[in-house]
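Chain and residue survey
Chain by chain, the residues:
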Amino acid sequence: MTELRALSDRLEIEALRGEFTDAGMMRDYDRFASLFTDDGVWKIPGAGVELRGRAEIRAGIERLRGGWDYFVQTVHPGWIGIEGDTAAGRAYVAEFGRLRDGGSHSNHALYHDRYRRTPEGWKFAERVYEVRYLDTTPLAGSAP
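These numbers were taken from a predicted model, which means no experiment stands behind them. (Residues numbered from 1 in each chain as written. Predicted model: local features only at pLDDT ≥ 70, side-chain atom pairs only at ≥ 80, totals over all residues. Heavy atoms only, no water.)

Counting its secondary structure elements, the protein chain contains three helices and six strands. For the protein chain, the α and β elements follow one another from N to C terminus as α-α-β-β-α-β-β-β-β. Here the C-alpha atoms of the protein chain give a radius of gyration of 16 Å, agreeing with the 15 Å that 2.2 N^0.38 yields for 144 residues. Expressed along its principal axes, the backbone C-alpha trace of the protein chain runs to roughly 55 × 30 × 25 Å. Put simply, the protein chain has 144 residues, and 39% of those count as buried. A separation threshold of at least 6 residues defines the contact pool for the protein chain, and within that pool the share at least 24 residues apart is 54%. Accessible area of the protein chain: about 8,000 Å², with a carbon and sulfur share of 55%. (Helix = DSSP H or I, 4+ residues; strand = E, 2+ residues; numbered from the N terminus. Rg over C-alpha atoms; globule rule 2.2 N^0.38 Å. Buried < 20%, exposed > 50% of the residue type's maximum accessible area, 1.4 Å probe, protein only. Contact = heavy atoms within 4.5 Å. Areas by Shrake-Rupley, 256 points an atom, 1.4 Å probe, with all protein chains shown as cover.)

Put into structure tokens, the structure is as follows:
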């Protein structure tokens, strides 16, 4: 039973990480915020962003996404370590897009995560975005 529980936990955490990307890309801000615990934290240190609690996270994602003309984020699975009702993990990210001010942005980054099991399932207790490579060269393409 323990192995089955561990597999189930991993699948739920991977689904949570997928929901995060989908909700952000689809501008589903309520769903995005619901993926965090009530006291969850979302940080983007390179952009000076630190949001605490679902209300701040919801307002923050709407404000941040509002600055993009188009935006694409691709996330690749990384490590997950589960210890009872808490877990930690990493995911690898590639992003690109054009800002409404005309600037371009392409990066490779990591999410450093802490997860907590709740009555509603696994949620982010903390998600920290660490950019490892950034390119602001104007993108040659455009949104269709």
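Our next topic: the layout of surface pockets. Here the largest pocket is characterised by a volume of approximately 520 Å³. Forming the walls of the largest pocket are 24 residues, and the residues nearest its centre are Ile-44, Trp-68, Phe-71, Glu-95 and Tyr-129. At the level of secondary structure, the elements contributing two or more residues to the lining of the largest pocket comprise α1 (2-25), β1 (36-44), α3 (53-66), β3 (68-83), β4 (86-99), β5 (104-118) and β6 (121-135). In terms of residues, the lining of the largest pocket owes the most to one element, α1, which gives four residues. Looking at side-chain class alone, the lining of the largest pocket contains 15 nonpolar, seven polar and two charged residues. (1 Å grid on protein atoms, 1.4 Å probe; cavity = no way out; pocket = protein on both sides within 12 Å on 5 of 7 lines; lining within 4 Å. Points joined across faces, edges and corners; volume = space filled by probe spheres on them. Nonpolar A, V, L, I, M, F, W, Y, C, P; charged D, E, K, R; others polar.)

Here we come to the environment of Glu-95. Structurally, Glu-95 can be placed in strand β4. Residue class for Glu-95 comes out buried when judged on its relative accessible area of 8%. Along the chain, Glu-95 and Ala-33 lie 62 residues apart, while their C-alpha atoms are 20 Å from each other. Among all residues touching Glu-95, those that are not within four sequence positions of it are Phe-71, Val-72, Gln-73, His-105, Ser-106, Asn-107 and Tyr-129. One polar contact links Glu-95 to Tyr-129, side chain to side chain, over a distance of 2.8 Å. (Polar contact = N/O pair within 3.5 Å; in protein donor to acceptor, adjacent residues only side chain to side chain.)

Both β3 and β4 contribute to a ladder of 13 bridges, which runs antiparallel. Paired with Ile-80 across the strands is Gly-89, a residue of β4. With antiparallel pairing between neighbouring strands as the criterion, β3 and β4 make up a hairpin whose turn holds two residues, including Gly-84 at a positive phi of roughly 70°. By the bridge criterion, 13 bridges tie β4 to β5 in an arrangement that is antiparallel. Looking at β5, one finds that Ala-88 is bridged to Arg-114. Connecting β4 to the next strand, β5, in antiparallel fashion are four residues, including Gly-102 with a positive phi near 95°. (Pairing = 2+ DSSP bridges.)

Next up on the list: the nonpolar core. Phe-20, Phe-32, Phe-36, Trp-42, Ile-57, Tyr-115 and Phe-124 are the most contacted members of the largest nonpolar core, which totals 25 residues. Secondary-structure elements contributing two or more residues to this core are α1, α2 (29-34), β1, β2 (49-52), α3, β4, β5 and β6. Among the elements that take part in this core, α1 stands out by supplying four residues, more than any other. (Core = buried A, V, L, I, M, F, W, Y, C linked by side-chain atoms within 4.5 Å.)

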